[in-house]
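So the chains spell out like this:
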Amino acid sequence: MKFIHYNGQATMVADGVAGAVIEYAAVLGSNGRTDTIGVPTFDEDG
């Protein structure tokens, strides 16, 4: 599990989800683009 930090909050996600978000953000950034996405998350209870 990894955490994605955004807007002052940390959200726990699966490793693959975190990797995909980082890769997508890099592609968007290198092309001067933005997007909004939804990701599956976990809380303290699973």
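*Asks:* It is not clear to me how the environment of Gly 32 should be interpreted in this structure. Could you clarify?
*Replies:* On the secondary structure map, Gly 32 appears in the segment after helix H1 (15–30). Exposure remark for Gly 32: the relative accessible area of 67% places this residue in the exposed category. In this structure, the C-alpha to C-alpha distance between Gly 32 and Gly 8, residues 24 residues apart in sequence, is 24 Å.

*Asks:* Before we go on, may I ask you to explain the pairing of strand S2 (residues 9–13) in this structure?
*Replies:* Consecutive side chains of a regular strand alternate in pointing toward one face of the sheet and then the other. Two elements, strand S1 (residues 2–6) and S2, share five bridges in a ladder whose sense is antiparallel. Within the sheet, the bridge partner assigned to His 5 lies in S2 and is Ala 10. Counting the residues in the hairpin turn of S1 and S2 gives two residues, including Asn 7, whose phi is positive at 55 degrees.

*Asks:* Mind showing me how you'd approach unusual backbone geometry here?
*Replies:* Excluding glycine, most residues fall at negative phi; most peptide bonds, likewise, are trans. At Asn 7, a residue that is not glycine, the phi angle is positive and equals roughly 55 degrees. The residue Asn 7 is located in the loop between S1 and S2 in this model.

*Asks:* What is the right way to look at a nonpolar patch on the surface in this model?
*Replies:* A cluster of nonpolar side chains, namely Tyr 24, Ile 37 and Val 39, defines an oily patch on the protein surface of about 230 Å² accessible area. Structurally, Tyr 24 is set in helix H1. With a relative accessible area of 34%, Tyr 24 lands in the partly exposed category.

*Asks:* Explain the confidence of the model for the protein chain here, please?
*Replies:* Parts of the prediction with low pLDDT should not have their coordinates interpreted in detail. The pLDDT averaged across the protein chain works out to 91; a share of 100% of its residues lies at or above 70. Element-level mean pLDDT values for the protein chain span from 89 in S2 up to 95 in H1.

*Asks:* Please explain the environment of Lys 2 as it appears in this structure.
*Replies:* By the element assignment, Lys 2 lies in strand S1. Spatially, the C-alpha atoms of Lys 2 and Ala 18 are 6.6 Å apart, while their sequence positions differ by 16 residues. Other than its neighbours up to four places away in sequence, Lys 2 contacts Thr 11, Met 12, Val 13, Asp 15 and Ala 18.

Conventions and cut-offs
Residue numbers restart at each chain and count upward from 1, following the sequence in its written direction. For a predicted model such as this one, the threshold for reporting local features is a pLDDT of at least 70, and the threshold for listing and counting side-chain atom pairs is 80 or more; totals across whole chains, interfaces and linings nevertheless cover every residue. Hydrogens are left out, water is left out, and the side-chain values use all remaining heavy atoms of the structure. Helix and strand assignments come from DSSP, with helices taken as H or I runs of at least 4 residues and strands as E runs of at least 2, each series counted from the N terminus. Relative accessibility decides the category of a residue: with a 1.4 Å probe and only protein chains considered, values under 20% of the type maximum give buried, values over 50% give exposed, and everything between is partly exposed. Between any two strands, at least two bridges found by DSSP are needed for them to pair. Patch membership requires more than 30% relative accessible area and the absence of a salt bridge. Residues of like charge join within 9 Å; the nonpolar side chains Val, Leu, Ile, Met, Phe, Trp and Tyr join within 5 Å. Each accessible area is a Shrake-Rupley estimate made with a 1.4 Å probe; only the visible protein chains count as cover when residues are assessed. What counts as a salt bridge is simple: a side-chain nitrogen of Lys or Arg found within 4 Å of a carboxyl oxygen of Asp or Glu. Confidence scores per residue from the predictor, reported as pLDDT, run from 0 to 100. Here, residues are in contact when the closest pair of their heavy atoms is within 4.5 Å.

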